[in-house]
Amino acid sequence: MAAPAVVSDGLSKRFGSVLAVDSLSFALAPGTITGFLGPNGAGKTTTLRMLLGLARPSSGSALVFGRPYSELDGAALQVGAVLEATDFHPGRTGRNHLRMLSRAAELPDSRVDEVLRLVELDVAADRRVKGYSLGMRQRLGLAAALLGDPELLILDEPANGLDPEGVRWLRDFLRAFAAGNRTVLISSHVLAEVAQTVDKVLIINRGKLVVESSLEQLTARVGGSVRVRTPERTKLEQALARERIEATPINDHTLVVHGASSERVGDLAFAAGVPVHELVAEGSSLEDVFLELTSEPQQ
Amino acid sequence: MIAQTRAELLKIRSTRTTLGIVLGMIALILLFSLLSGLLTKAPNLTSSEDQRGLLSVGSTAGVFSALAGIMLVTSEYRFGTIRPTFLFNPRRSRVLAAKLAAGLLAGIVFGVVGEGLGFAIGYASLAGRGIDYNLDAAQTALLLLGALAGVALWGALGVGIGAIVRNQVGAIVGLLAWGLIAENLLFAFVPSVGRFAPVHAQDGLMGLTSRHLLPAAAAGAVLLAWTIAFALAAAALAARRDVS
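Here the structure is a predicted model, which is why all the values come from computation and not from measurement.

Colleague: Please explain the packing of helix α3 (residues 94-104) of chain A against helix α5 (residues 134-146) of chain A as it appears in this structure.
Modeller: For any two helices packed against each other, the geometry comes down to the angle between their axes and how far apart the axes lie. All names here are of chain A. Where α3 meets α5, the closest approach of the two axes is 10 Å, and the angle between their N-to-C directions is 25°. Comparing their axes, α5 and α3 come out roughly parallel. Of the two elements, α3 crosses α5, and the hand of that crossing is right-handed. Taking contact as the criterion, the partners of G94, H97, L98 and L101 in α3 are, on α5, L140, A143 and A144.

Set out below in structure tokens:
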């Protein structure tokens, strides 16, 4: 396997008494799109800031292409990143925002035109950013990250403020980007936003890594459930219990059955002589798994 | 370093902030130069020191170049562009050095415009009122070059102040409170100390001799030392502080 694009080793950040990021270790393989997931306040942005040299780890290390970000030569040619969708001077035009960055990275102004076309912002490029919609700002941020044609793209909550069309555009874009053996790390607090985009997920909660797996593995953890409506709920519950099948009553005549297929539940009901008025297989979503993994432990 | 300086110069030019600061400077210097040139009684404009006072009004440009320097750093923190700036150039001391260079270059422009305007109005007022010009060529050169160097250094000093304080309002209020109030009080009550403070060092640098000001060469060295001290403090802090 090629050397990982990013290696985080025991990365931690402490703010006073709060351990915002707690011994986070992971590696990103080239050519993959990784979703960095967790509820708001889980430590995602703090982790990204440490990866990108904006914040210093309290302990541990983060290496990008084998070196701390702050020691990269030509950082913009290797890594493109967007942390906030609002990092623009409102009185500066989109084009000048990109120009000032391309100058710092010694890139030609023609590259500015290229990325403006790429994110479909060329028409608005000479307007001041204060007149941009949130979606346009997201795309301008992405254009800035792409200026140096980087090998690694790190985006913090890129789908915020995008309309469905924009989300799809971003997904297609990231797919094409990673197809060239380039690496993407995108954070989100909504799994559904990235589920169709990512190969792999890192889920953190309260600064700790709770899951590192491929999207398939995560999907496999999703247990389906079956919702049954019957006038004889208790009788069905007893029949299921004999087979050690777990079920949760929703109301007097509705039951949600876990860990059994709809066929099995239907057969059991028939065998027990329970009339069934409705039988619905409910695929519990990835989102349910995500919420379960990241929910606060009950005190 | 040169590439980053070009980027910083574009930042200065690409918003209307700088234009606003320049227009403010021109308005203020126009007003002060005309008021002192036309309303001061003729006997109070005859000595060489009186004339230096009149002809150095344009050095008020230093306040404005310092403001431009402050804005060059603090707007980046205010609007968050500091993040892309540091992502593109993670060596923070180099970014700071480029900003200091850009502040100095902008300061030269402020100095040429501001002192040029102030000197022209002052000189024209003297000539128009038939008051003999009392400064020789060397004194005039010291006045002009001292004003220019001082205003330019204030541009870099503003960058240092901005990089240390980071908060825009805090840095501007701090600059004005010190430059317009605190330093004048210090100089009035303890001139032996106050003459080492930056605004009065700039006065000395232009060859102003009144009261207890430092001689020009020493004053220039003191103002340069202030600029370097602020730059070093800013660099030390920039290396340590997290960017939110």
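Colleague: Sorry, what's going on with unusual backbone geometry here?
Modeller: Leaving glycine aside, a negative phi is the common case for residues, and trans is the common case for peptide bonds. All names here are of chain A. You will see that F65, though not glycine, has its phi angle at about 50°, which is positive. Positionally, F65 belongs in the loop between β4 (59-64) and α2 (75-78). Positive phi values are uncommon outside glycine, yet E157 reaches one of about 50°. Owing to 22 C-beta atoms within 10 Å, E157 belongs among the buried residues under this scheme.

Colleague: Can you walk me through the interface of chain B and chain A in this structure?
Modeller: Reports of interface size often rely on the accessible area that becomes lost once the parts have come together. Contact with chain B, which involves 24 residues of that partner, is made by 29 residues of chain A. For the side of chain B that touches chain A, the secondary-structure elements that each account for two or more residues are α1 (2-13), α2 (16-39), α4 (61-79) and α5 (82-88) of chain B. With 6 residues, the single largest contributor to the side of chain B that touches chain A is α1 of chain B. Its residues assigned to classes, the side of chain B that touches chain A comprises 10 nonpolar, 8 polar and 6 charged.

Colleague: Please explain the sheet that holds strand β5 (residues 79-82) of chain A as it appears in this structure.
Modeller: Note on sheets: strands pair through backbone hydrogen bonds, and any given pair is parallel or antiparallel. All names here are of chain A. Judged by pairing direction, the sheet is mixed, and its 6 strands sit side by side in the order β5-β6-β7-β3-β8-β9 without closing on themselves. Every interior strand has two partners, whereas the edge strands, β5 and β9 (208-214), have only one. Strand-to-strand, the axes of this sheet are offset by a mean angle of 15°, without reference to chain direction. In terms of strand pairing, β5 meets strand β6 (residues 152-156) through 4 bridges, oriented parallel. Within β6, the residue paired with V79 across the bridge is L152. Contacting β3 (33-37), β6, β7 (183-188) and β8 (200-205), helix α1 (residues 44-51) crosses the sheet at an angle of about 145° to β6. Packed onto the sheet, α5 meets β5 and β6 and runs at close to 165° relative to β5.

Basis of the calculations
- Residues numbered from 1 in each chain as written.
- Chains lettered and ligands numbered in written order.
- Predicted model: local features only at pLDDT ≥ 70, side-chain atom pairs only at ≥ 80, totals over all residues.
- Axes fitted to C-alpha atoms, helices over the stretch in contact; angles between N-to-C directions.
- Helix = DSSP H or I, 4+ residues; strand = E, 2+ residues; numbered from the N terminus.
- Parallel < 35°, antiparallel > 145°, perpendicular 65-115°, else oblique.
- Left-handed = near helix turned anticlockwise from the far one by under 90°.
- Contact = placed C-beta atoms within 7 Å.
- Buried ≥ 20, exposed ≤ 12 C-beta atoms within 10 Å, placed from the backbone.
- Nonpolar A, V, L, I, M, F, W, Y, C, P; charged D, E, K, R; others polar.
- Pairing = 2+ DSSP bridges.

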